[in-house]
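# Architecture at a glance
One letter stands for each residue in the lines below.
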Amino acid sequence: EAGVVQSPRYKIIEKKQPVAFWCNPISGHNTLYWYRQNLGQGPELLIRYENEEAVDDSQLPKDRFSAERLKGVDSTLKIQPAELGDSAVYLCASSNPRGGTYEQYFGPGTRLTVT
Amino acid sequence: AQKVTQAQTEISVVEKEDVTLDCVYETRDTTYYLFWYKQPPSGELVFLIRRNSFDEQNEISGRYSWNFQKSTSSFNFTITASQVVDSAVYFCALRGGQGGKLIFGQGTELSVKP
């Protein structure tokens, strides 16, 4: 079974530029999460989707961040415009609570560097 | 509020030593879930174990074992006979009974030297 796929793995942009990250969850997982991990810290949730619906976006900086999950499968996280403080690893995870388990499986992440 | 504390920032051991990673959590939920994840240098978080709040039975999986104690709000992780491949950052995480968000600790960086 394929794991969570993310692209790109690395991205370097200048501040004020836009950037987008893509995530394909594990097949059959209806719940998708985007986390941000700053250097030396644990991941922090940005947004959680149940199918197409964003059910928890309280930590998403909505002035510059946006996300979508069309058709309840793939998801895209966008930052526009990027700031220096957005440099971090952006992790996507998926889970299948209906299967009776609550483990979240993570992708390899996208390491963003804003210069 | 929910919180996870991993007081050990870095641990360094020599191969074959046993090592215990500490995790203390705070939650007001009566039902919750605890997790351990491993993050090797490649960066991907690897799921290791999940524990439900109503199941305090300790678990052993090969060289790994976990000690869950509700009385002290702790969920410690022990690696027996550590190996170089165990070198990674280990995260303890908490999920409340109602929401899917994982609350992570700061992580413990384990370095196992040959």
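In this report, we go over the structure that sits alongside the text. (Residues numbered from 1 in each chain as written. Chains lettered and ligands numbered in written order. Predicted model: local features only at pLDDT ≥ 70, side-chain atom pairs only at ≥ 80, totals over all residues. Heavy atoms only, no water.)

### Overview of the packing of aromatic side chains
Using the following cut-off: Ring pairs are drawn from Phe, Tyr and Trp, using the six-membered ring of Trp, whenever the two centres fall within 6.5 Å, and their geometry is named by plane angle: stacked under 30 degrees, edge-to-face over 60, tilted for the rest. Buried residues are those whose accessible area, probed at 1.4 Å on protein chains only, stays under 20% of the maximum for their type, while exposed residues exceed 50% and partly exposed ones sit between those limits.
With the rule as written, the count across this model stands at 21 aromatic pairs over all chains. Geometrically, the ring pair formed by B:Tyr25 and B:Tyr32 is tilted, given 5.2 Å between the ring centres and 50 degrees between the ring planes. Of the two residues, B:Tyr25 and B:Tyr32, both sit in the buried class. An aromatic cluster of at least three residues, connected via ring pairs, comprises A:Tyr33, A:Tyr35, A:Tyr105, A:Phe106, B:Phe35, B:Tyr37, B:Phe47, B:Phe91 and B:Phe104.

### Some thoughts on the pairing of strand E9 (residues 74–79) of chain B
All names here are of chain B. The condition that has to hold: The helix and strand labels rest on DSSP assignments: H or I over at least four residues marks a helix, E over at least two residues marks a strand, and numbering proceeds from the N terminus. In this scheme, strands are said to pair when DSSP sees at least two bridges between them.
With 5 of its 6 residues buried, E9 lies for the most part within the structure. As paired strands, strand E8 (residues 64–69) and E9 are joined by 6 bridges and run antiparallel to one another. In the strand pairing of E9, glutamine 69 is matched with serine 74. Between the end of E8 and the start of E9, which pair antiparallel, lie 4 residues, with serine 73 showing a positive phi angle near 50 degrees.

### Examining the layout of surface pockets
Using the following cut-off: Using a grid of 1 Å spacing that covers the protein atoms alone, one calls a set of points a cavity when a 1.4 Å probe fits there but cannot get out, and a pocket when the set is open and has protein on both sides within 12 Å along at least five of seven lines; lining residues are those with an atom within 4 Å of a point. Grid points are joined across faces, edges and corners, and a volume is the space filled by probe spheres set on the points. Charged residues are taken to be Asp, Glu, Lys and Arg, nonpolar residues to be Ala, Val, Leu, Ile, Met, Phe, Trp, Tyr, Cys and Pro, and polar residues to be all remaining types, Gly included.
Here the largest pocket is characterised by a volume of approximately 690 Å³. Lining of the largest pocket is provided by 35 residues; of these, A:Gln37, A:Leu39, A:Gly40, B:Gln39 and B:Val89 occupy positions nearest its centre. For the lining of the largest pocket, the secondary-structure elements that each account for two or more residues are strand E9 (88–95) and strand E11 (110–114) of chain A together with strand E10 (88–96) and strand E12 (108–113) of chain B. Of the residues contributing to the lining of the largest pocket, the split by class is 12 nonpolar, 19 polar and 4 charged. Here the second largest pocket defines a volume of roughly 240 Å³. What lines the second largest pocket is a set of 14 residues, among which A:Pro43, A:Glu44, A:Leu45, A:Gln59 and B:Ile103 lie closest to the centre. Where the lining of the second largest pocket is concerned, the elements lending two or more residues are strand E5 (44–50) of chain A together with strand E11 (102–104) of chain B. For the lining of the second largest pocket, the residue count by class is 6 nonpolar, 5 polar and 3 charged.

### Here's the deal with the nonpolar core
Residue and element names in this part refer to chain B. Where we set the bar: Residues enter a nonpolar core if they are buried and are Ala, Val, Leu, Ile, Met, Phe, Trp, Tyr or Cys, with the set joined through side-chain atoms within 4.5 Å. Residue contacts follow a heavy-atom distance rule, with two residues in contact if any of their heavy atoms lie within 4.5 Å.
Formed by 24 residues in total, the largest nonpolar core has its most connected members in Trp36, Phe75, Phe77, Tyr90 and Leu110. Among the secondary structure elements, those contributing two or more residues to this core are strand E2 (10–14), strand E3 (19–21), strand E5 (32–39), E8, E9, E10 and E12. Residue contributions to this core peak at 4 residues, all from E10. Excluding its chain neighbours within four sequence positions, the residues that come into contact with phenylalanine 77 are Val19, Thr20, Leu21, Trp36, Leu48, Tyr64, Ser65, Trp66 and Tyr90.

### Digging into the interface of chain B and chain A
Stated precisely, the cut-off is as follows: Once two parts are put together, the accessible area they lose, assessed with a 1.4 Å probe and summed over both, is termed the buried area. Put simply, a salt bridge is a Lys or Arg side-chain nitrogen that is within 4 Å of an Asp or Glu carboxyl oxygen. Counting of polar contacts relies on pairs of N or O atoms within 3.5 Å, with two restrictions inside protein: one atom must be capable of donating a hydrogen and the other of accepting it, and residues adjacent in sequence are counted only when both atoms are side-chain atoms.
If you look at the interface, chain B gives 19 residues, while chain A gives 21 residues. For the chain B and chain A pair, buried surface summed over both sides reaches about 1600 Å², with 53% attributable to carbon and sulfur atoms. Counting across the interface, chain B meets chain A through 1 salt bridge. As a salt-bridge pair, B:Arg50 and A:Glu103 come within 2.3 Å of each other at their nearest N and O atoms. The interface formed by chain B and chain A includes 4 residue pairs in polar contact (both at pLDDT 80 or more). Within the residue set of the side of chain B that touches chain A, elements represented by two or more residues are E5, strand E6 (46–52), E10 and E11 of chain B. Across the side of chain B that touches chain A, the residue classes break down as 8 nonpolar, 7 polar and 4 charged.

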